[in-house]
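Each chain, letter by letter, is given below.
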Amino acid sequence: MNGGTDNWQRVHPASPFVRGWLALAALFFFFGRDAAERLLRGGPVFDERFAGRAPWLLLGGGTMLLLVVAGFVLSWYFTRYQVAGGFVRVTTGVLVKQHRQARLDRVQAIDVVQPLLARIFGLAELRFEVADAGQSAVHLAYLRVAEARRLRAAILDAAVREAALRGAAGQAAAVPVAQGHDAQPDAQLAARPAAPPGPAAPADPPERPVLAVPPRRLAGSLLLSEQAVALLLGAAASVLFSAFTENRSFSFYLVPAGLGILAGFWTSFSKGYNFTAAASQAGIRLQYGLLDTLAQTLPPGRIQALRISQPPLWRPLGWYRIQVNVAGYGTPGQDGQRSARTTLLPVGTLQDVTALLDLVLPDGAARPGSDQSFAAEAEGPDAHAVLAAGLSGLAPAARIQARRDPAHTIGDTDGGFTTTPRRARLLAPLGWRRNGFAVTGSALLIRTGRWWRHLTVVPHGRTQSIALHQGPVARRFGVVDLVLHTTSGPVAPRVIQAGLAEGRALLLAQAARLSPKPQPAGNPAEDPQEGPQHG
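Rules used throughout
Residues numbered from 1 in each chain as written. Predicted model: local features only at pLDDT ≥ 70, side-chain atom pairs only at ≥ 80, totals over all residues. Heavy atoms only, no water. Helix = DSSP H or I, 4+ residues; strand = E, 2+ residues; numbered from the N terminus. Contact = heavy atoms within 4.5 Å. Patch = residues over 30% accessible without salt bridge, like charges linked within 9 Å, V, L, I, M, F, W, Y side chains within 5 Å. Areas by Shrake-Rupley, 256 points an atom, 1.4 Å probe, with all protein chains shown as cover. Salt bridge = Lys/Arg side-chain N within 4 Å of Asp/Glu carboxyl O. Buried < 20%, exposed > 50% of the residue type's maximum accessible area, 1.4 Å probe, protein only. Pairing = 2+ DSSP bridges. Core = buried A, V, L, I, M, F, W, Y, C linked by side-chain atoms within 4.5 Å. Axes fitted to C-alpha atoms, helices over the stretch in contact; angles between N-to-C directions.

Just to check I follow, could you spell out the side chain of Asp-352 for this structure?
Within the fold, Asp-352 resides in helix 11 (residues 350-360). Beyond its immediate sequence surroundings of up to four residues, Asp-352 is in contact with Leu-211, Arg-217 and Leu-345.

This is the structure in structure tokens:
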């Protein structure tokens, strides 16, 4: 809907009602609760004590309703957005103005979000994820679903053109600078005419379905989770204590804990329901949600690290969970929805895990039209064999080989993994043969946990810094920890209790992989954290 000059647009007229429905519900509840109760009991609408003041009550309630509706209308009128001059801008506020903008070539992803009430009205919200932002920089709510998808595709197309223009401006500015003249490419870009998305904006690129999580599997994963086991053990302990002590108060302590766990179950089930993943040229498309639906795109270039987890009760069924660190998403604790947004797979099989790894690793591999895969990019041992060793644990041959080594001065090996040396087995009696690392041509793999198995995958080039840690106890046993720092998220990559020699060698090798490679003259290297990555 046109909002005036300079190509400013307005959102859908129902947007403020969708955002502020809670205020309307509270207003009706406050004024109508007593009347509804009297009607159900067959009494009059108004209490006899207030019957004479009924017109004034109606007038007051009607006035408050009109004020709320007028506030909604003004909120809609003063909410506008614009895509021009290399930026997407959103202006809100009646008395206090708020202006937010995001540079197009810094837009990493655009998510299409549909809360329950928005789905009823056929509306959707656009959330722009911007590089170096701990939270979504711009929210645009609400547009019709078809319009939101067209605008999303148009903005991504404009972002590609904007990045090309900035790159050309940067190269052109290098010549005047070399000749002693000032160059201001950003000012030149800001001064050029607006370039809004045209009517012929491309539609979303085609998708190739990769996997879908059945509701039965999702429900089964929740029933076999640690929270469910804790609830059952608490209930059993409450029954036993009540039976032996003839005290029934134990069950009262279990009720709030059980309600909290059930609420967590419902949240996980609602967010993971109808989970699907598809591959496109823009990245990995994820769609999920029971009441509130979300369609997001994870560009593989923005995935900094991922963790594959397997709780003990999932092991007989061969189920796994994948969580990721994504540039710009921040930590899950910053937003209630970020835990779902950093989940690449809530529960899936080994085939699902392999399919997603082929999309994520390495950059440019396993895209539509590409015959490369995770295994095809590996150096040394077959990457799928390394992945299997990382997920399933120790191989019998590795244990026999370890016992035949009388010196045990170097780390043991298992399916391509270098594990904790035998001399440090007292530091982790159960997990010393499980904890280890392996290197492929595209990523560093770190496995930990004997019962709760974890496999962390960090693509080469996505590490911001690395460090060796060694405390006094570790120094006594000759082992070190290698910490890899990436963007904020649920994954914290750390190689634990590696041999001192292996840790130092891995540190030097990873540092060499992070070193910038020399670029030909006139072709500057691109920062992997820059440029448009689209969702």
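Could you clarify how one ought to interpret a nonpolar patch on the surface in this entry?
A cluster of nonpolar side chains, namely Leu-116, Ile-120, Phe-121, Trp-266 and Leu-291, defines an oily patch on the protein surface of about 500 Å² accessible area. Considering every element that reaches the nonpolar patch, the biggest residue donor is helix 4 (residues 116-121), with three residues. Looking at where Trp-266 falls in the secondary structure, it is placed in helix 9 (residues 250-272). Relative accessible area serves as the criterion here: at 46%, Trp-266 is assigned to the partly exposed category.

Explain the pairing of strand 9 (residues 276-280) here, please?
Regular strands show a simple pattern: their side chains alternate between the two faces of the sheet. Within strand 9, four of the five residues are buried, which leaves it mostly tucked inside the rest of the structure. Examined bridge by bridge, strand 8 (residues 208-212) and strand 9 share four bridges and lie antiparallel to one another. Bridge assignment links Arg-208 to a residue of strand 9, and that residue is Ala-279. Here strand 9 pairs with strand 10 (residues 283-288) via five bridges, running antiparallel. Bridging from a neighbouring strand, Ser-280 pairs with Gly-283 of strand 10. Following strand 9, the chain reverses through two residues before pairing antiparallel with strand 10.

Where do I start with the nonpolar core in this structure?
Nonpolar side chains in soluble globular proteins generally cluster together in the buried interior. Formed by 43 residues in total, the largest nonpolar core has its most connected members in Ile-308, Ile-322 and Leu-344. Of the residues forming this core, the biggest block, five residues, is contributed by helix 11. Dropping the residues within four chain positions of it, Ile-308 is found in contact with Tyr-320, Arg-321, Ile-322, Val-353, Leu-357, Leu-387, Leu-391, Arg-453, His-454 and Leu-455. Of all hydrophobic cores here, the second largest spans 24 residues; its members include Trp-76, Val-90, Leu-140 and Ile-155.

Would you take a moment to explain the sheet that holds strand 21 (residues 479-485) for this structure?
Pairing between the strands of a sheet comes from backbone hydrogen bonds, and it takes one of two forms, parallel or antiparallel. Pairing is antiparallel in the open sheet, where three strands are placed in the order 20-21-22. Sheet topology places strand 20 (465-469) and strand 22 (494-499) at the edges, where each strand pairs with a single neighbour. On average, each strand axis in the sheet is inclined to that of its neighbour by 20 degrees, with strand direction left out of account. Across four bridges, strand 21 lies against strand 22 in antiparallel orientation. Among the inter-strand pairings, Val-479 is bridged to a residue of strand 22, identified as Gly-499.

Help me out: how do you make sense of the pattern of salt bridges in this one?
Two side chains that carry opposite charge are able to pair once their charged atoms sit near each other. By the definition in use, this model includes five salt bridges. Residues Glu-125 and Arg-127 are paired through a salt bridge, measuring 3.5 Å at the closest nitrogen-oxygen approach. Residue Asp-352 pairs with Arg-217 through a salt bridge whose shortest N-O separation is 3.3 Å. Highlighted residues: Asp-352 in helix 11 and Arg-217 in helix 7 (residues 215-223), separated in sequence by 135 residues. Relative accessible area serves as the criterion here: at 16%, Arg-217 is assigned to the buried category.

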